[in-house]
Amino acid sequence: WSLREGDFSKARKRLEPKPLSVERTKGSEILFGIAPCALALSQSRRDLFRLFLKQSCGSRRLVTSELVLQATARGVPVHHVKRRELDALCRGRVHQGVCLEATPLRFKSLEEAEKPDLGDEENPNRQLIWLVLEQIQDPMNLGALLRSAYFLGVDRVVTSQRNSCPLTPTVSKASSGAMEVFDIYSTDDLRSFLKAKTAEGWEVVGTVSKPEDVENVPVISCLEFRWNKPVIIVIGSEGDGLSLETQLLCHRMLAIPPGRALHPGIESLNVSVATGILLHSICSQKLRHS
């Protein structure tokens, strides 16, 4: 009768079921979120080990049923677990009641890429647009960039290997699963890559938030930009933008004109937002010509 409050707390903890202890397959990672998991299940780009679904999914019952069907078709075991066990699997990130254990996705090397057809007799003026990312380090930004590139019709995305974010589950979630269906390439020598594309007849276009910071390369508004040959849009890192060496390899630099006089300190856009605006402005011309 004289049990202290601490004794009750200890007894309660002993009675509570322990969270699921998942012994991960060596080299695997945990994807989370409906779109990334559903698209990973629908593709053949990863090895898949286990699908984890939240018990009593309620309003998402139809989505869960579809995921179970996809997993069954791929021979992937399905486990129904409690929410806190899903939280532990993906370390508290927003999983929407779905986690998937799978092998990671890797960047493809440019040597693996099929050479693009710059034009043929049927379509001599085919417009291609590639997006090149120099040292994008934030996984949320990288995911948002991939989502915009996929949606707006970019033909290929290439990242620099050095100081760039890898293709993590967080990137897949931020891309709303676009990473699961869109090949992403990487190069360890961005300068040589841009020089080679210039020699092949591509136009290399950089981006800048403050036109006054650019020397020796013409800067124009993205609203004035017109293109009639394959083009590469180069996006710089979140903090520093494009390196000087990369700027000097660009034929032109694009800027987004602001809609008002800006206070110091908020004179630029988030890199993924700015890229979405630029890509829409450029890709809309491609749509008009096709």
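Reading guide: rules and limits
Residues numbered from 1 in each chain as written. Predicted model: local features only at pLDDT ≥ 70, side-chain atom pairs only at ≥ 80, totals over all residues. Heavy atoms only, no water. Buried < 20%, exposed > 50% of the residue type's maximum accessible area, 1.4 Å probe, protein only. Helix = DSSP H or I, 4+ residues; strand = E, 2+ residues; numbered from the N terminus. Pairing = 2+ DSSP bridges. Core = buried A, V, L, I, M, F, W, Y, C linked by side-chain atoms within 4.5 Å. Contact = heavy atoms within 4.5 Å. Salt bridge = Lys/Arg side-chain N within 4 Å of Asp/Glu carboxyl O.

Asker: Which parts of the structure should I look at to understand the pairing of strand β2 (residues 48-54)?
Answerer: Where a strand is regular, its side chains alternate between the two sheet faces. Among the seven residues that make up β2, five are buried, leaving the element largely enclosed by the rest of the structure. Where β2 lies against strand β4 (residues 98-102), five bridges are found, and the strand directions are antiparallel. Considered in β4, the bridge of Arg50 is made with Glu101. Taken together, the four bridges between β2 and strand β3 (residues 78-81) define a ladder with parallel strand orientation. Within β3, the residue paired with Phe52 across the bridge is His79.

Asker: Please explain the nonpolar core as it appears in this structure.
Answerer: Nonpolar side chains tend toward joint burial in soluble globular proteins. Judged by nonpolar contacts, the single largest core of 31 residues is most densely connected at Leu131 and Val157. The greatest single-element share of this core, amounting to five residues, is contributed by helix α9 (residues 271-289). Leu131 has contacts with Ala149, Val154, Arg156, Val157, Val158, Ile233, Ile235, Thr275 and Leu279, leaving out every residue within four places of it along the chain. Of all hydrophobic cores here, the second largest spans 21 residues; its members include Val217, Ile232, Leu242 and Ala255.

Asker: Explain the pattern of salt bridges to me, please; I cannot follow it from the model alone.
Answerer: Two side chains carrying opposite charge are able to pair once their charged atoms lie near each other. Applying the stated criterion across every chain, the model contains nine salt bridges. With a closest N to O distance of 2.8 Å, Glu101 and Arg50 form a salt bridge. A residue pair is termed long-range when its members are at least 10 positions apart, and Glu101 in strand β4 and Arg50 in strand β2 qualify at 51 residues. Take Glu101 and Arg50: they sit in the same class, and that class is buried. Between Lys197 and Glu200 there is a salt bridge, and its shortest N-O distance comes to 2.9 Å. Residue Lys197 is classed as buried on the basis of its relative accessible area, which comes to 7%. On the basis of relative accessibility, which here comes to 40%, the residue Glu200 falls in the partly exposed class. By sharing partners, the salt bridges in this structure join Glu29, Arg46 and Glu180 into a single network.

Asker: I'm lost on the side chain of Ser284 in this one. Help?
Answerer: Mapped onto the fold, Ser284 is located in helix α9. Given a relative accessible area of 18%, Ser284 falls into the buried group.

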